Structures are given as C-alpha cells and as structure tokens.
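Given next are the chains, with one letter for each unit.
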Amino acid sequence: RENAADRMKERQRWKAVMDEVPKASREALGHSLKMRALLQVLRHCAERGERLLVFSQSLLTLDFVESRILNAELKWYKGVNYYRIDGATPFAER
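Here's a quick rundown of the structure. All values derive from a computational prediction rather than experimental measurement.

1. Comments concerning the overall build of the chain
Phase 1: The helix and strand inventory of the chain stands at 4 helices and 0 strands.
Phase 2: Counting helices and strands in the order they occur from the N terminus, the chain gives α-α-α-α.
Phase 3: The 94 residues of the chain split such that 20% are buried.
Phase 4: Of the accessible surface of the chain, which amounts to about 7600 Å², a share of 56% is contributed by carbon and sulfur atoms.

2. Comments concerning the side chain of Asp86
Phase 1: Within the secondary structure layout, Asp86 lies in the segment after α4 (59–71).
Phase 2: Within the local environment of Asp86, its side chain forms a polar contact with the side chain of Arg84, the two groups lying 2.9 Å apart.
Phase 3: If near-sequence neighbours (up to four positions away) are discounted, Asp86 is found in contact with Arg11, Leu59, Leu62 and Arg94.

3. A look at the nonpolar core
Phase 1: Judged by nonpolar contacts, Met35, Leu38, Leu39, Leu42, Phe64, Val65, Ile69, Leu74, Trp76 and Tyr82 together constitute the single largest core of 10 residues.
Phase 2: Going through the elements one at a time, α3 (33–48) and α4 are the ones with two or more residues in this core.
Phase 3: Of all the elements, α3 adds the most residues to this core, at 4 residues.

4. A closer look at the layout of surface pockets
Phase 1: As a volume, the largest pocket reaches approximately 710 Å³.
Phase 2: For the largest pocket, the lining is made up of 22 residues, of which Leu52, Leu53, Val54, Tyr82 and Tyr83 are closest to its centre.
Phase 3: When contributions to the lining of the largest pocket are tallied by element, the ones reaching two or more residues are α3 and α4.
Phase 4: For the lining of the largest pocket, the element with the most residues is α4, which contributes 4 residues.
Phase 5: Across the lining of the largest pocket, the residue classes tally to 15 nonpolar, 3 polar and 4 charged.

5. Things to note about the environment of Leu74
Phase 1: Secondary-structure assignment places Leu74 in the segment after α4.
Phase 2: On the basis of relative accessibility, which here comes to 15%, the residue Leu74 falls in the buried class.

6. Points about the packing of helix α1 (residues 4–20) against α4
Each pair of packed helices gets described by two things: the angle between the helix axes and the distance between those axes.
Phase 1: Contact pair α1 / α4: the axes reach a minimum separation of 10 Å and the direction vectors enclose 60°. When the axis of α1 is compared with that of α4, the two are oblique. Here α1 and α4 pass one another in a crossing that is right-handed. From α1, Arg7, Arg11, Trp14 and Met18 reach across to α4, where they touch Leu59, Leu60 and Asp63.
Phase 2: Here the contact of α1 with α4 is composed, by residue class, of 4 nonpolar, no polar and 3 charged.

The rules behind the values
- Residues numbered from 1 in each chain as written.
- Predicted model: local features only at pLDDT ≥ 70, side-chain atom pairs only at ≥ 80, totals over all residues.
- Heavy atoms only, no water.
- Helix = DSSP H or I, 4+ residues; strand = E, 2+ residues; numbered from the N terminus.
- Buried < 20%, exposed > 50% of the residue type's maximum accessible area, 1.4 Å probe, protein only.
- Areas by Shrake-Rupley, 256 points an atom, 1.4 Å probe, with all protein chains shown as cover.
- Polar contact = N/O pair within 3.5 Å; in protein donor to acceptor, adjacent residues only side chain to side chain.
- Contact = heavy atoms within 4.5 Å.
- Core = buried A, V, L, I, M, F, W, Y, C linked by side-chain atoms within 4.5 Å.
- 1 Å grid on protein atoms, 1.4 Å probe; cavity = no way out; pocket = protein on both sides within 12 Å on 5 of 7 lines; lining within 4 Å.
- Points joined across faces, edges and corners; volume = space filled by probe spheres on them.
- Nonpolar A, V, L, I, M, F, W, Y, C, P; charged D, E, K, R; others polar.
- Axes fitted to C-alpha atoms, helices over the stretch in contact; angles between N-to-C directions.
- Parallel < 35°, antiparallel > 145°, perpendicular 65-115°, else oblique.
- Left-handed = near helix turned anticlockwise from the far one by under 90°.

These figures come from the coordinates and say nothing about function on their own.
Right under this line is the structure:
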C-alpha cells in the first residue's frame, strides 16, 4: 500500500516532468476547451455563492487546475475560497 511519502515523491516526479514541458505548451493546456469550461463553471458558481466539487484521478491534473484557479481572475485563496483534498492531505484536515 502506498503511503503519503510515496505519493509526495510521485507528485514531485510528475511536477519535474511538467517543468520540462515548454511554457507555451503548458499555457496551451490552460486554453483547452475543458479547462475553459471548468473556469466558466467556477466563475458562474462564485458569482452565485454556490459551491462546486471537482474530482480528478490525477494529482497532476489537480495541480494544473489549482494553478489555473490561482492565476485566473477569480482571486481565490486556498483555505478560504477553495480547499484541496488529495492523498497527501492529513486525515485530521479532511
């Protein structure tokens, strides 16, 4: 069974892989139709004070979505406007 340290190593490994992808390619991912649709849904929910739950099987995808949320015009702050729960999140914080 995988533990938190193994998950963190795997996450860091994938982050290093993504860091090698040219910036233009990473930015192109942010302009994908799915990402644009997700950001539109997030804006819509934020305007109405609604909550939204986003699931992903990939930590890399969660990292990317989180970076788009922080860099978008939403002006969201972790722990205030959104929370992230993944395998590295301590049980007491869930």
